[in-house]
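Single-letter residue listing:
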Amino acid sequence: MLALHPGPPALTVTDANTLDKAAAARLDELRAAPGNWGWRELVDRGRVAIAQGEFSAAAMAFEAAFKAAPTDAERAMSAYCWASALIASAQSLPNVEGSENPAKRLLLVQAGNLLNEVQRDVPQSREVAAARLSAWSLLGDELETTVAEHQLRVIDPSLEGNPRCLLTIGIVAFVVFSTSGYVLKTYEFDGYLEPEQRLALLSVLDVGARVTGGLLTGRAIVDVFTTEVPK
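Residues numbered from 1 in each chain as written. Predicted model: local features only at pLDDT ≥ 70, side-chain atom pairs only at ≥ 80, totals over all residues. Heavy atoms only, no water.

**Here we look at the overall build of the chain**
No. 1: Counting its secondary structure elements, the chain contains 8 helices and 2 strands.
No. 2: The 231 residues of the chain split such that 53% are buried.
No. 3: Considering only intrachain contacts with a sequence separation of at least 6, the fraction spanning at least 24 residues in the chain is 57%.
No. 4: In the form shown here, the chain has an accessible surface area of approximately 10,800 Å², with 54% of it arising from carbon and sulfur atoms. (Helix = DSSP H or I, 4+ residues; strand = E, 2+ residues; numbered from the N terminus. Buried < 20%, exposed > 50% of the residue type's maximum accessible area, 1.4 Å probe, protein only. Contact = heavy atoms within 4.5 Å. Areas by Shrake-Rupley, 256 points an atom, 1.4 Å probe, with all protein chains shown as cover.)

Dropping the structure here:
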């Protein structure tokens, strides 16, 4: 059974104009809360970091949530969020003297391997398969990319023949699932993401986590992963 988590409501934002204020206020609440943070608070700390465009901090918070997760569903959701933050963090790193920053590859390999593990636990999660496709495409790993594409088509045979989404380092980009197939969502990154871009990223993360956790629990989990931006 999914554990219940008391405490202040999670960061909930639907308007990019209020994102920065809401994220700062939620961070103040988390820091002011007595005692140690549990899984719920650690996840929300990661979500706040995504909302603020601090992807490295988000990855650390989600990693801590992964370690603190009391159930399989919470563990899978934390891993999905952790890997997604690693992908965003890798893409936002600067290149080194005109060449690719080797730290990017390390982050993407970590994300890809983590998502492979999550997919084994939740084989029917389209969002996990799409995130795997993001990580391995960015790495240029043809074998792993093909495996991720195959899994998407196993989950939904209507995707057969869907053209490959080509990803490159230099922008924050995710392959995400849509009603018509899987599509590439890109967010131009030049040291700063606009609030509407950060809110859209948070929505991708929240929807993916809810779907993945729901496949393990039989119901959607919305007490933490609350944001959904209308398409």
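**Comments concerning the pattern of salt bridges**
No. 1: Throughout the structure, instances matching the rule amount to 5 salt bridges.
No. 2: A salt bridge links Asp 44 to Arg 47, with the shortest nitrogen-to-oxygen separation between them at 2.6 Å. You can see Asp 44 and its partner Arg 47 sitting in helix 2 (residues 39–51), 3 residues apart, about one turn around the helix. Assigned by exposure class, Asp 44 and Arg 47 land together as buried.
No. 3: The network of salt bridges with shared partners includes Arg 26, Glu 29, Asp 44, Arg 47 and Asp 206. (Salt bridge = Lys/Arg side-chain N within 4 Å of Asp/Glu carboxyl O.)

**Structural notes on the nonpolar core**
No. 1: Among the nonpolar cores identified, the biggest contains 55 residues, and Trp 39, Ile 50, Phe 62, Tyr 80, Leu 115 and Phe 225 are the most heavily contacted of them.
No. 2: Listed by contribution, the elements that provide at least two residues to this core are helix 1 (19–32), helix 2, helix 3 (55–68), helix 4 (72–92), helix 5 (102–121), helix 6 (126–139) and helix 8 (195–217).
No. 3: If you tally residues by element for this core, the top one is helix 4, at 12 residues.
No. 4: Those residues within four positions of Phe 62 in sequence are excluded, and the remaining contacts are Val 43, Gly 46, Arg 47, Ile 50, Ser 78, Cys 81, Trp 82, Ala 85 and Leu 205.
No. 5: In terms of nonpolar packing, the next biggest core, distinct from the first, is built from 5 residues, Ala 129, Leu 133, Ala 148 and Leu 152 among them. (Core = buried A, V, L, I, M, F, W, Y, C linked by side-chain atoms within 4.5 Å.)

**A word on the confidence of the model for the chain**
Residues shown with low pLDDT carry predicted positions that ought not to be read at fine detail.
No. 1: Across the chain, the average pLDDT comes to 82, with 77% of residues at or above 70.
No. 2: Here strand 2 (residues 181–187) stands out as the least confident element of the chain, with mean pLDDT 57; helix 3 is the most confident, with 97. (pLDDT = per-residue confidence, 0-100.)

**Here we look at helix 7 (residues 142–155)**
No. 1: Compared with the 20 Å implied by 1.5 Å per residue over 14 residues, the 20 Å span of helix 7 between its first and last C-alpha is a close match.
No. 2: Three or more residues of helix 7 are buried, namely Thr 145, Ala 148, Glu 149, Gln 151, Leu 152, Arg 153 and Ile 155.
No. 3: Sitting at the amino-terminal end of helix 7 is Asp 141, which places a side-chain oxygen 3.3 Å from the backbone nitrogen of Leu 143. (Expected span 1.5 Å × (residues − 1). Polar contact = N/O pair within 3.5 Å; in protein donor to acceptor, adjacent residues only side chain to side chain.)

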